[in-house]
Amino acid sequence: GDSVTQMEGPVTLSEEAFLTINCTYTATGYPSLFWYVQYPGEGLQLLLKATKADDKGSNKGFEATYRKETTSFHLEKGSVQVSDSAVYFCAWNSGGYQKVTFGTGTKLQVIP
Amino acid sequence: KAGVTQTPRYLIKTRGQQVTLSCSPISGHRSVSWYQQTPGQGLQFLFEYFSETQRNKGNFPGRFSGRQFSNSRSEMNVSTLELGDSALYLCASQLEGSNTEAFFGQGTRLTVV
């Protein structure tokens, strides 16, 4: 069935390290893809999105490219900060009777 | 434009009681979804309402129910509360249309004692 798979956490990085969080999806058609971020005690916020193949979403130094050939949407950031510590969710929406389908979340901890 | 508003933010209930949570979506959004988030199970989809009709449902027992009003505001109800129902309950609203993103409220933290 349709699903999103993202890498298990927690991920612990030192400040200024490079971040990659892997995400792959299984869906028919041409879904839109999203990354959401959840800071402690808060709801989820949209971080970035891409609506078609080869689109690159970007925000706050984070980037993800919609790769239809590998059905992936990996999140990257060149230099993480302590303030980036949060849980990151990959998600997709195929349209139609849409509801956004979420991955299990990856907790990122950035240490000074 | 106001965001998604959930009330109350925090709630403490006793086992066996019932609880009602409220969600006001972003103006113009007619789709409202509910999620349960726990440390052990992560983010789990409960149900989605559109135009006062339940359109999608997750795998939760019948103790969990919801409804949507004509102004798109939604409520979810949990009856006969169990300790395991302690969680952050998140509501999200979406515009109708292809490939739109979900906008989340800050959630209601329910503690069952």
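Use the structure listed above.
Residues numbered from 1 in each chain as written. Chains lettered and ligands numbered in written order. Predicted model: local features only at pLDDT ≥ 70, side-chain atom pairs only at ≥ 80, totals over all residues. Heavy atoms only, no water.

Draft legend 1. A look at the interface of chain A and chain B. Each partner contributes to the interface: chain A provides 20 residues, whereas chain B provides 22 residues. Carbon and sulfur atoms make up 47% of the surface buried where chain A meets chain B, a total of about 1700 Å² over both sides. Run the count over chain A and chain B and you get one salt bridge. Our count for the contact surface shared by chain A and chain B stands at four residue pairs in polar contact (both at pLDDT 80 or more). Those elements that provide at least two residues to the side of chain A that touches chain B are strand 5 (32–38), strand 6 (44–50) and strand 10 (86–93) of chain A. It is strand 5 of chain A that contributes the most residues to the side of chain A that touches chain B, four residues altogether. (Contact = heavy atoms within 4.5 Å. Buried area = accessible area lost by both parts, 1.4 Å probe. Salt bridge = Lys/Arg side-chain N within 4 Å of Asp/Glu carboxyl O. Polar contact = N/O pair within 3.5 Å; in protein donor to acceptor, adjacent residues only side chain to side chain. Helix = DSSP H or I, 4+ residues; strand = E, 2+ residues; numbered from the N terminus.)

Draft legend 2. Fine view of the side chain of T38 of chain B. Residues and elements named next belong to chain B. Here T38 shows up in strand 4 (residues 31–38). A relative accessible area of 12% places T38 in the buried class. Look past the residues within four positions of T38 in its chain and what remains in contact with it is S86 and A87. (Buried < 20%, exposed > 50% of the residue type's maximum accessible area, 1.4 Å probe, protein only.)

Draft legend 3. A look at the sheet that holds strand 7 (residues 64–68) of chain B. Residues and elements named next belong to chain B. Taken in spatial order, the four strands of this open sheet run 1-3-8-7, and their pairing is antiparallel. Looking at strand neighbours, the two that pair on one side only are strand 1 (5–7) and strand 7, the edges of this open sheet. Between one strand axis and the next, the sheet turns by 20° as a mean value, whatever way the strands run. Here strand 7 runs beside strand 8 (residues 74–78); their pairing, made up of five bridges, is antiparallel. In the sheet register, S65 faces strand 8, and the bridge partner there is N77. (Pairing = 2+ DSSP bridges. Axes fitted to C-alpha atoms, helices over the stretch in contact; angles between N-to-C directions.)

Keep in mind these values describe shape, not function.
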